[in-house]
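# Breakdown of the fold
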Amino acid sequence: MAMSGLISNRNFGSFVASGNLYRSGKDLSHQRGGISASSVSVTQYGGWIANDSFSRCQHAMHSQTNSPLEERVSKPTRAFHSKGEHCSLVSRQSSHCMNFKLRASRRSHSCLSSTHYISSNVEQREVYRLGLSKRKHEQPEVGKANKFRVCYKSEEYGIAETKMDSLQSTEGTGEAILLEGNLQQVSPWWQQFPKRWVIVLLCFTAFLLCNMDRVNMSIAILPMSQEFNWNSATVGLIQSSFFWGYLLTQIIGGIWADKLGGKLVLGFGVVWWSIATVLTPIAAKLGLPCLLLMRAFMGIGEGVAMPAMNNMLSKWIPVSERSRSLALVYSGMYLGSVTGLAISPALIHKFGWPSVFYSFGSLGSIWFALWLRKAYSSPKEDPDLGVEEKRLIFEGSVSKEPVSVIPWKLILSKAPVWALIISHFCHNWGTFILLTWMPTYYNQVLKFNLTESGLFCVLPWLTMAAFANIGGWIADTLVSKGLSITAVRKIMQSIGFLGPAFFLTQLSHVKTPAMAVLCMACSQGSDAFSQSGLYSNHQDIGPRYAGVLLGLSNTAGVLAGVFGTAATGYILQRGSWNDVFKVAVALYIIGTLVWNIFSTGEKILD
């Protein structure tokens, strides 16, 4: 009869220290017969135990016994070599006890042989942090673990008893199990978190700080105007000074990001606008010109944020995750507005208006420390990026090395590029009108007081943050199901255009304030689907020039905000809110037509 068995430390004691490899070996040879015991490998790491095919031996070992035998092995022995056998033991903090009781009245065979013993080389693996590196050696070395298959064959008589006693570890259970396959070591969850999503979360946090630092002035301007006796014209000049610098660095920021890398440019932007935020109270006390200059400086820093972020994600995020990653980052802007509008009044009430700028601006230093430690411009620069994740990124991404020359003539000759620019203009016209003039609409038309207007102003931002992420998951799901990127971008952007257009037309028909607020919220929620439409398209058509493309289109978008806000005031002097909404709806429809005719999701710039 034949029996084969697998030796594990459930049957014999193994007392090993965490994170180290130990081997035990023993060769027993007796006058009446012999048993050759080859080495057994055990690995214990952080409470998890596994075995790997570390080595392959050239020899099989056989022994015969013709009489009953009882052997006890309880003493560790140093490694030694013989002609036909190689057994090793490295023991530092532990001792291994193995009890073998074999009873037979006649002859039995005991064979211990290594897996794949025909192999001429020994394949060894060294554990380096959480990875494995393979090397080949001519002969097995002392201290390298070997895995063996243990087979017992009894020709005529069975084995009366097989018992292996265990010695428990004082540091833990000490259990060890021999498992087939590669060595698997379990690391903490924060080390297993994908690095590409670390980059996404850092960009999300940067955009959160971006809008927190931007909207704090809209709250602090009220006590500041009382303290410095500013009139409405001066307040409007201060508010608009931000866009002077913001417009200046849209295209320049894209060029820098595509040439120098997104990490450097985005890090520069956050540090720059954080310093400008902290210095704002000092500039205000020095005089109006200094304050205007400081607000313009803040715009310079925030102007490079979107192009730099777009450049980084074009390198880090595969196409299958592009929409949801961009939606998450842009939702940071919406949540930043909510956070800034919610926290600023409390800080001003308790510590005074300068506290808003000091506290918000100082958060940038914390972010920058994490950015320097965790972020890299591309996956190729990250030494800690796992092999599996690197392969996933490179298989699903088409970005290349930073560019040295921007092909402006080629870029501006492409119809999809102009579709991006025009659509961005049409989109931002309606978006800026709603976000800028919404408190006035609530107060004048719906007759809400200022407190209620401020409360309902937060609602669209929250709606946009939620629906942006919903739209991102829908878009990536459609791409994974096989729908073309072009079709997905057109569908999502059509929702982003036609949804707001529909709900704005309903505002002239609603009779109650509650329905009006619902229409405004739905308008902004459907607008957020644009994050998976035109805002994702820059990386589709030209991943190498994603920063420049976003700088171009966002410049048009900022101009739409500036002109649209001014035009709305002019329209309200001569007409009504219905006329304001009609202009926005007309531009939404124009944008829809241009986008669906000329846009594409295919790469046109290389």
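Bringing the overall build of the protein into the picture now. Assigned secondary structure in the protein consists of 17 helices and 14 strands. Taking all 606 residues of the protein together, the buried fraction comes to 53%.

A few words on the pattern of salt bridges. Two side chains with opposite charge may pair up if their charged atoms get near one another. All told, the structure shown has eight salt bridges when counted by the stated rule. Note that Arg 214 is salt-bridged to Glu 302, the shortest N-O span being 3.2 Å. Of this pair, Arg 214 sits in helix H2 (residues 195–228) while Glu 302 sits in helix H5 (residues 288–303), placing them 88 residues apart in sequence. Of the two residues, Arg 214 and Glu 302, both sit in the buried class. Here Asp 476 and Arg 324 are joined by a salt bridge, their closest N and O atoms 2.7 Å apart. Linking Asp 476 in helix H12 (residues 450–480) with Arg 324 in helix H7 (residues 322–351), this pair joins segments that are 152 residues apart in sequence. For the pair shown, Asp 476 and Arg 324 are each scored as buried.

On to the nonpolar core, then. In terms of nonpolar packing, the biggest core is built from 112 residues, with Phe 207, Met 224, Tyr 330, Ile 411 and Tyr 441 touching the most fellow members. No other element matches the 16 residues that H2 contributes to this core. When near neighbours in sequence (up to four residues on either side) are disregarded, Tyr 441 contacts Leu 446, Leu 507, Ala 516, Met 520, Trp 577 and Phe 581. Among the nonpolar cores identified, the runner-up in size contains five residues, and Ala 475, Val 479, Val 488 and Met 492 belong to it.

Another point: the side chain of Asp 213. For Asp 213, the position within the fold is in helix H2. The side chain of Asp 213 sits in the buried core without any salt bridge; Arg 295 is the nearest counter-charge, 8.4 Å away. When sequence neighbours within four positions are dropped, the list of residues in contact with Asp 213 reads Trp 273, Ser 274, Thr 277, Arg 295, Met 298, Glu 302, Phe 360 and Gly 361.

Attention now moves to the packing of aromatic side chains. Inspection of every chain in the model, using the stated rule, returns 21 aromatic pairs. Aromatic pair Phe 467 and Phe 529: ring centres 6.4 Å apart, planes at 45°, arrangement tilted. Taken together, the residues span a long stretch of sequence, with Phe 467 in helix H12 and Phe 529 in the loop between helix H14 (513–527) and helix H15 (534–541) at a distance of 62 residues. On the basis of relative accessibility, which here comes to 11%, the residue Phe 529 falls in the buried class. Three or more aromatic residues joined by ring pairs make a cluster, and in this case those are Phe 228, Trp 230, Trp 353 and Phe 357. The ring of Tyr 246 carries the charged tip of Arg 214 above its face, separated from the ring centre by 5.0 Å.

The subject of this paragraph is helix H4 (residues 262–286). Taking 1.5 Å of rise per residue, the 25 residues of H4 would be expected to cover 36 Å, and the 35 Å separating its terminal C-alpha atoms lies within 8% of that figure. Where H4 bends most, the angle comes to about 45°, and this point is Thr 280, followed within four residues by the proline Pro 281. Within two residues after H4, Gly 287 carries a phi angle of roughly 145°, on the positive side.

Moving on, we come to the state of the cysteines. With the rule as written, the count across this model stands at zero disulfides. Cys 519 takes part in no disulfide bond, and the closest cysteine sulfur, belonging to Cys 522, lies 6.7 Å away. For Cys 519, a relative accessible area of 8% translates into the label buried.

Attention now goes to unusual backbone geometry. The phi torsion at Asn 229 lies on the positive side, around 60°, for a residue other than glycine. Here Asn 229 is to be found in the loop between H2 and helix H3 (232–260). For Asn 229, a relative accessible area of 68% corresponds to the exposed category.

Below, the discussion takes up the environment of Gly 533. One can find Gly 533 in the loop between H14 and H15. Considering only alpha carbons, one finds Gly 533 and Trp 595, 62 residues apart in sequence, at a separation of 9.6 Å. Not counting chain neighbours up to four residues away, the residues in contact with Gly 533 comprise Arg 489, Met 492, Gln 493 and Trp 595.

For the rest of this paragraph, the subject is the packing of helix H6 (residues 305–316) against helix H16 (residues 546–574). At a minimum axis distance of 7 Å, the contact between H6 and H16 shows a crossing angle of 145°. Remark: the crossing between H6 and H16 carries right-handed chirality. Each of Met 306, Pro 307, Asn 310 and Ser 314 in H6 lies in contact with H16, whose residues at this interface are Ala 546, Gly 547, Leu 550, Gly 551 and Asn 554. Looking at the contact of H6 with H16 residue by residue, the classes come out as four nonpolar, five polar and no charged.

Tracing the backbone through its elements, the reader meets Glu 389 in helix H9 (residues 387–396). Setting aside its immediate chain neighbours within four residues, Glu 389 contacts Pro 194, Lys 195 and Arg 196.

Moving on to the confidence of the model for the protein. The pLDDT averaged across the protein works out to 74; a share of 66% of its residues lies at or above 70. Predicted confidence is poor over residues 1–184, with pLDDT under 50, and the contacts of this stretch with residues over four places away or in other chains come to 335 contacts.

Turning next to the environment of Ser 337. Its location among the elements puts Ser 337 in helix H7. With 129 residues separating them in the primary sequence, Ser 337 and Leu 208 have C-alpha atoms 7.7 Å apart. Other than its neighbours up to four places away in sequence, Ser 337 contacts Asn 211, Val 215 and Trp 461.

Rules behind the numbers
- Residues numbered from 1 in each chain as written.
- Predicted model: local features only at pLDDT ≥ 70, side-chain atom pairs only at ≥ 80, totals over all residues.
- Heavy atoms only, no water.
- Helix = DSSP H or I, 4+ residues; strand = E, 2+ residues; numbered from the N terminus.
- Buried < 20%, exposed > 50% of the residue type's maximum accessible area, 1.4 Å probe, protein only.
- Salt bridge = Lys/Arg side-chain N within 4 Å of Asp/Glu carboxyl O.
- Core = buried A, V, L, I, M, F, W, Y, C linked by side-chain atoms within 4.5 Å.
- Contact = heavy atoms within 4.5 Å.
- Lys, Arg positive; Asp, Glu negative; His and termini not counted.
- Phe/Tyr/Trp six-rings, centres within 6.5 Å; stacked < 30°, edge-to-face > 60°.
- Lys NZ or Arg CZ within 6 Å of the ring centre and 35° of its normal.
- Expected span 1.5 Å × (residues − 1).
- Bend = angle between axes of the 7 residues up to and from the residue.
- Disulfide = S-S within 2.5 Å.
- Axes fitted to C-alpha atoms, helices over the stretch in contact; angles between N-to-C directions.
- Left-handed = near helix turned anticlockwise from the far one by under 90°.
- Nonpolar A, V, L, I, M, F, W, Y, C, P; charged D, E, K, R; others polar.
- pLDDT = per-residue confidence, 0-100.

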